[in-house]
Amino acid sequence: MPAPLLVPAALGVAFLVLPLIGLLVRAPWSAIGPALARPEVGEALRLSVVSASLATVLSLLLGVPLAWVLARSRVRGRSVLRALVTVPLVLPPVVGGVALFLVLGRQGIVGSWLDDAFGITIPFTTTAVVIAETFVAMPFLVVSVEGALRAADARFEDVAATLGADRWATFRRVTLPMVAPGVVAGAVLCWARALGEFGATITFAGNFPGTTQTMPLAVYLALQRDPEAAIVLSLVLLAVSLATLLLLRDRWLGRAAA
Amino acid sequence: MSRRAAGLVAGPVAGLVAVALLALSGCGTVGDAPPGGAERGPSEPGDPGLTGTLTVLAAASLTDVFTGFEERLEGANPQLEVRLSFAGSSALATQVLQGAPADVLATADEAQMARVVEAGLASDPQVFAGNSLLLVVPPGNPGGIAVPSAEAEPPSLAEYLDDEAIVAVCAPEVPCGAAAATVLDAAGLSGAPDTYEDDVRAVLTKVQLGEVDAGLVYHSDVIAAGDGLDFYGFAESELAFNRYPVASLSGAANPDAARAFVDLVLSDEGQEALLRAGFILQTR
């Protein structure tokens, strides 16, 4: 292997992996058992996994069609649209949280109407957590799926059309199976981003144990007082996300490759 | 700031401020001493010869006042570069314990300073200000918080709040949250909070946006937030009075400048600036 590639690659691995090793080395292993037994940790973990999964489902329902529009349709101003929907990738999540307030908060454009008409207020609920996570994570799915759609050979879709399939049938029976690995990869990325989401969540959803306190919020607050506990919580989050990703990989990516 | 509400911040808080003001004017240095007068030789920030960089870590609630001190000290010492870093006190103490290079540390409570002193990284911290909690309500009082009539003694927090109200407080891990927990417990309202924010400014943001009915924040933060918010004193705030200590750090790279900064904070000029910013004086 050529050294100009190998050496920077090795440095890259060291750069990304050494902080994890640091966590493992400094981890107070004996404290992990008691930490896991604390009810609020289990609660935060359950809330994180559930809300990240719901955010991923929501992103799939909205993001895959959006990616298709960006990659396949002839809508005018597509490049502007693409730039707009990927804004959350560069927006500081805390600003995203404030922006969500301005729309969905009880004084917000849509939120005040929801409050008046139905008595529904979104902030400080688990719904708000899912919305904040979806806002931040969905662009990852959209970008990933759009890339897969662009790489896929559009001639298969043309052939399906000549054989009499309408565009919806073509999408379901030809396009979607073709880009399935891209969709799965995008969903995994989206889920991981949602699981680690902090800024938009603490801003828009607040922080309350059991309803809105996800693991990243618990970790950040633990860091204020007890860094050891924060390391333990981080390791738990890390273990759960690694386990989930490996499981998904075997189940989905393995099958797609077979 | 709402003047109407300011009248309600009565009782012990206002009393302390008044006492402090009297004590200050008793020294005869407020107003009639020219800035840079020679009355307090060692603490005079204009000592010639301060050079290099001075790094000050300070609690987020000190942002406005300490930025003023930075300008004052740099103005008097053109060769000196002051760098300020603001964060939650616990985060600052952790930074110092992790070896962050800094010369001066000012925290919002004595517990966080004690962590640094116990590790031998600072000695002889001096309390330079105090602060207590107020109840802040968004403009227009959207949650219909029961506001007591003016001129009364500050009533219990339980008079204002019930479990229906949407209330934001700081998380118990940070000093303003510990204070909030104390007053809520005393008022029998430990179930009232709907969100535990990561710092006091986050609580204020949610009040300013009108997304909560009320929040508990420091007196000085309400002053810094400016117009538009109504705020009220309450009886339990006495139970959670915060003292702000400052110390130069043992590892200071610029001990002379560190001493000058601490002296400025404790000087009449510094104390007056703190008082204007809504802090309660503690040094004399």
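For the structure, check the block above.
Structural notes, computed from the coordinates. The model shown is predicted, which means the values in this text are computed figures rather than measured ones.

**Points about the overall build of chain B**
Part 1 of the reasoning: Secondary structure assignment for chain B yields 11 helices and 10 strands.
Part 2 of the reasoning: When each of the 284 residues of chain B is scored for burial, the buried share is 52%.
Part 3 of the reasoning: Considering only residue pairs separated by 6 or more positions, chain B has 79% of its internal contacts joining residues 24 or more positions apart.
Part 4 of the reasoning: Accessible area for chain B stands at about 11100 Å²; split by element, carbon and sulfur atoms hold 51% of it.

**Here we look at the overall build of chain A**
Part 1 of the reasoning: Assigned secondary structure in chain A consists of 14 helices and 0 strands.
Part 2 of the reasoning: In chain A, the order of α-helices and β-strands from amino to carboxyl end is α-α-α-α-α-α-α-α-α-α-α-α-α-α.
Part 3 of the reasoning: Each of the three principal axes of chain A carries a C-alpha extent, and together these read 65 × 65 × 30 Å.
Part 4 of the reasoning: Within chain A, buried positions represent 38% of all 258 residues.
Part 5 of the reasoning: Intrachain contacts of chain A at a sequence separation of at least 6 include 71% that bridge at least 24 residues.
Part 6 of the reasoning: Only carbon and sulfur atoms are counted for the fraction: they give 71% of the accessible area of chain A, which is about 13900 Å².
Part 7 of the reasoning: Side-chain charges of chain A comprise 19 positive and 14 negative groups, with the mean position of each set lying 8 Å from the other.

**Details of the layout of surface pockets**
Part 1 of the reasoning: Each pocket or cavity is described by its volume, and for the largest pocket that value is around 430 Å³.
Part 2 of the reasoning: Looking at the lining of the largest pocket, the elements with two or more residues in it are α3 (39-72), α13 (215-225) and α14 (227-257) of chain A together with β6 (167-170), α7 (175-186) and β7 (193-197) of chain B.
Part 3 of the reasoning: Ranked by residue count, the leading element in the lining of the largest pocket is α7(B), at 5 residues.
Part 4 of the reasoning: Of the residues belonging to the lining of the largest pocket, the class tally is 16 nonpolar, 4 polar and 6 charged.

**What about the sheet that holds β7(B)?**
The strands that make up a sheet are held in pairs by hydrogen bonds between backbone atoms, and each pair lies either parallel or antiparallel.
Residue and element names in this part refer to chain B.
Part 1 of the reasoning: Within the open sheet, the 5 strands sit side by side as β7-β6-β8-β5-β9. Their pairing is mixed. The open sheet has two edge strands with one neighbour each: β7 and β9 (230-232). The average undirected angle you get between the axes of adjacent strands in this sheet is 30 degrees.
Part 2 of the reasoning: As paired strands, β6 and strand β8 (residues 214-218) are joined by 2 bridges and run parallel to one another.

**A look at empty space enclosed by the protein**
Residues and elements named next belong to chain B.
Part 1 of the reasoning: Applying the stated criterion across every chain yields a total of 2 cavities of 30 Å³ or more.
Part 2 of the reasoning: Computed from the structure, the largest cavity encloses a volume of approximately 140 Å³.
Part 3 of the reasoning: Surrounding the largest cavity, 14 residues form its lining, G88, S89, P175, C176 and V200 being those nearest its centre.
Part 4 of the reasoning: Class assignment for the residues of the lining of the largest cavity results in 9 nonpolar, 3 polar and 2 charged.

**Notes on the sheet that holds strand β2 (residues 80-87) of chain B**
Residue and element names in this part refer to chain B.
Part 1 of the reasoning: Strand order in the open sheet made by the 5 strands is β2-β1-β3-β10-β4, with mixed pairing throughout. The open sheet has two edge strands with one neighbour each: β2 and β4 (126-131). Strand-to-strand, the axes of this sheet are offset by a mean angle of 15 degrees, without reference to chain direction.
Part 2 of the reasoning: Note: strand β1 (residues 52-59) against strand β3 (residues 104-106), 3 bridges, orientation parallel.

**Examining the state of the cysteines**
Residue and element names in this part refer to chain B.
Part 1 of the reasoning: Applying the stated criterion across every chain yields a total of 1 disulfide over all chains.
Part 2 of the reasoning: Between the sulfur atoms of C170 and its disulfide mate C176 the distance is 1.9 Å. Across the S-S bond linking C170 and C176, the dihedral sits near -95 degrees, which makes this disulfide left-handed. The pair C170 / C176 is uniform in exposure class, with both members buried.

**Details of the packing of aromatic side chains**
Remark: the centre distance and the inter-plane angle together describe each pair of aromatic rings, the angle taken between the planes.
Part 1 of the reasoning: Applying the stated criterion across every chain, the model contains 14 aromatic pairs over all chains.
Part 2 of the reasoning: Ring plane angle 20 degrees and centroid distance 5.5 Å describe the contact between F208(A) and Y196(B), whose orientation is recorded as stacked. Residue F208(A) is found in the loop between α12 (199-204) and α13, and its partner Y196(B) is found in strand β7; the two belong to separate chains.
Part 3 of the reasoning: For F208(A), a relative accessible area of 25% gives the class partly exposed.
Part 4 of the reasoning: Y196(B) sits in the buried class, given a relative accessible area of 17%.
Part 5 of the reasoning: With a centroid separation of 6.1 Å and an interplanar angle of 40 degrees, the aromatic rings of F66(B) and F128(B) are classed as tilted. Of this pair, F66(B) sits in helix α3 (residues 63-76) while F128(B) sits in strand β4, and the two are 62 residues apart along the sequence. As far as burial versus exposure is concerned, F66(B) and F128(B) are alike and both buried.
Part 6 of the reasoning: By the ring-pair criterion, three or more aromatic residues cluster together here, those being F66(B), F69(B), F128(B), Y244(B), F261(B) and F279(B).

Definitions and cut-offs
Residues numbered from 1 in each chain as written. Chains lettered and ligands numbered in written order. Predicted model: local features only at pLDDT ≥ 70, side-chain atom pairs only at ≥ 80, totals over all residues. Heavy atoms only, no water. Helix = DSSP H or I, 4+ residues; strand = E, 2+ residues; numbered from the N terminus. Buried < 20%, exposed > 50% of the residue type's maximum accessible area, 1.4 Å probe, protein only. Contact = heavy atoms within 4.5 Å. Areas by Shrake-Rupley, 256 points an atom, 1.4 Å probe, with all protein chains shown as cover. Lys, Arg positive; Asp, Glu negative; His and termini not counted. Charge placed at Lys NZ, Arg CZ, Asp CG, Glu CD. 1 Å grid on protein atoms, 1.4 Å probe; cavity = no way out; pocket = protein on both sides within 12 Å on 5 of 7 lines; lining within 4 Å. Points joined across faces, edges and corners; volume = space filled by probe spheres on them. Nonpolar A, V, L, I, M, F, W, Y, C, P; charged D, E, K, R; others polar. Pairing = 2+ DSSP bridges. Axes fitted to C-alpha atoms, helices over the stretch in contact; angles between N-to-C directions. Disulfide = S-S within 2.5 Å. Phe/Tyr/Trp six-rings, centres within 6.5 Å; stacked < 30°, edge-to-face > 60°.

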